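Summary of the model geometry
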Amino acid sequence: FDKIETPELYLGYGFARKDIGNVEGLQPGKTVAYSKPTAIEPDAVYLSGTWKSERDYIELESEIGSVFLRYTAKQSNIVAAGNSIVNVQGFNQSLNPTDSGQDTVLDGNAFRLNVNEERLFNILNATSYGDQSIELKVQGKGFRLYTFTFG
């Protein structure tokens, strides 16, 4: 576990260790339209689409939106809820088709995750520790993202 360089990342304003990477930042209780980033810094979450920041989570207010993250670990997990389809793909890089998480299935160039309950989802399980840059393309208003965890 000493190869995991990215700490847990909480998305609700009540527990966030740091702000998101977008210039708009997290705005407690407000709905904000975020633009897709051109570059992402390590260990910071970025958003695109319209999201509302709540105490424990962020919630997608538009029908589609994305979450971007660059991290260093082997496995990545999310705690999420809603009734949504999430496509996990690389951000400016390709994902290895064998790196599918326990809760995702390969679908073209992405791993598909069906979110229909509130729980922890394993989204990627790489063969070795290293840097990953991912985009979660979310379809489904009401998707809630609580945290990213790593292994």
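Before going into details, it helps to say that this report is about the structure given with it. (Residues numbered from 1 in each chain as written. Predicted model: local features only at pLDDT ≥ 70, side-chain atom pairs only at ≥ 80, totals over all residues. Heavy atoms only, no water.)

**Side note on the overall build of the chain**
Across its full length, the chain carries zero helices and 10 strands. Along the chain, from the amino end to the carboxyl end, the secondary structure elements read β-β-β-β-β-β-β-β-β-β. For 151 residues, the compact-globule estimate of 2.2 N^0.38 gives 15 Å, and the C-alpha radius of gyration of the chain, at 14 Å, lies within 12% of that figure. Counting over 151 residues, the chain shows a buried share of 48%. (Helix = DSSP H or I, 4+ residues; strand = E, 2+ residues; numbered from the N terminus. Rg over C-alpha atoms; globule rule 2.2 N^0.38 Å. Buried < 20%, exposed > 50% of the residue type's maximum accessible area, 1.4 Å probe, protein only.)

**What about the packing of aromatic side chains?**
According to the stated counting rule, one finds five aromatic pairs in the structure shown. Relative to Phe91, the ring of Phe68 has its centre 5.3 Å away and its plane inclined at 70°; by these criteria the two rings are edge-to-face. Placement of Phe68 in strand S5 (residues 64–81) and of Phe91 in the loop between strand S6 (84–90) and strand S7 (105–107) is noted, with a sequence separation of 23 residues between them. Judged on exposure class, the residue Phe68 and its partner Phe91 are both buried. Between Phe148 and Phe150 the ring centres are 6.4 Å apart and the planes differ by 5°, which places this aromatic pair in the stacked class. Both residues of the pair, Phe148 and Phe150, count as buried. Three or more aromatic residues link up through ring pairs in this structure, and these residues are Tyr71, Phe148 and Phe150. (Phe/Tyr/Trp six-rings, centres within 6.5 Å; stacked < 30°, edge-to-face > 60°.)

**A short note on the environment of Ala33**
Secondary-structure assignment places Ala33 in strand S2 (residues 31–34). Taking the C-alpha atoms as reference points, Ala33 and Gly49, 16 residues apart in sequence, are found 5.5 Å from one another. Excluding anything up to four places from it in sequence, Ala33 contacts Glu24, Gly49 and Thr50. (Contact = heavy atoms within 4.5 Å.)

**Observations regarding the pattern of salt bridges**
With the rule as written, the count across this model stands at five salt bridges. Where Asp103 meets Arg119, a salt bridge forms, and the shortest distance between an N and an O atom there is 3.1 Å. Residue Asp103 is found in the loop between S6 and S7, and its partner Arg119 is found in strand S9 (residues 119–139); the two are separated by 16 residues along the sequence. Judged by its relative accessible area of 30%, Arg119 is partly exposed. A salt bridge links Asp107 to Arg112; its shortest N-O distance comes to 3.2 Å. What makes Arg112 partly exposed here is its relative accessible area of 28%. (Salt bridge = Lys/Arg side-chain N within 4 Å of Asp/Glu carboxyl O.)

**A word on the pairing of strand S10 (residues 144–150)**
For S10, the tally of buried residues reaches six of seven residues, placing the bulk of the element in the interior. Examined bridge by bridge, strand S1 (residues 9–10) and S10 share two bridges and lie antiparallel to one another. For Leu9, the partnering residue across the bridge sits in S10 and is Phe148. Across two bridges, strand S4 (residues 58–60) lies against S10 in antiparallel orientation. Within S10, the residue paired with Glu59 across the bridge is Arg144. In terms of strand pairing, S5 meets S10 through six bridges, oriented antiparallel. Its bridge partner being in S10, Ala80 is matched across the sheet by Leu145. (Pairing = 2+ DSSP bridges.)

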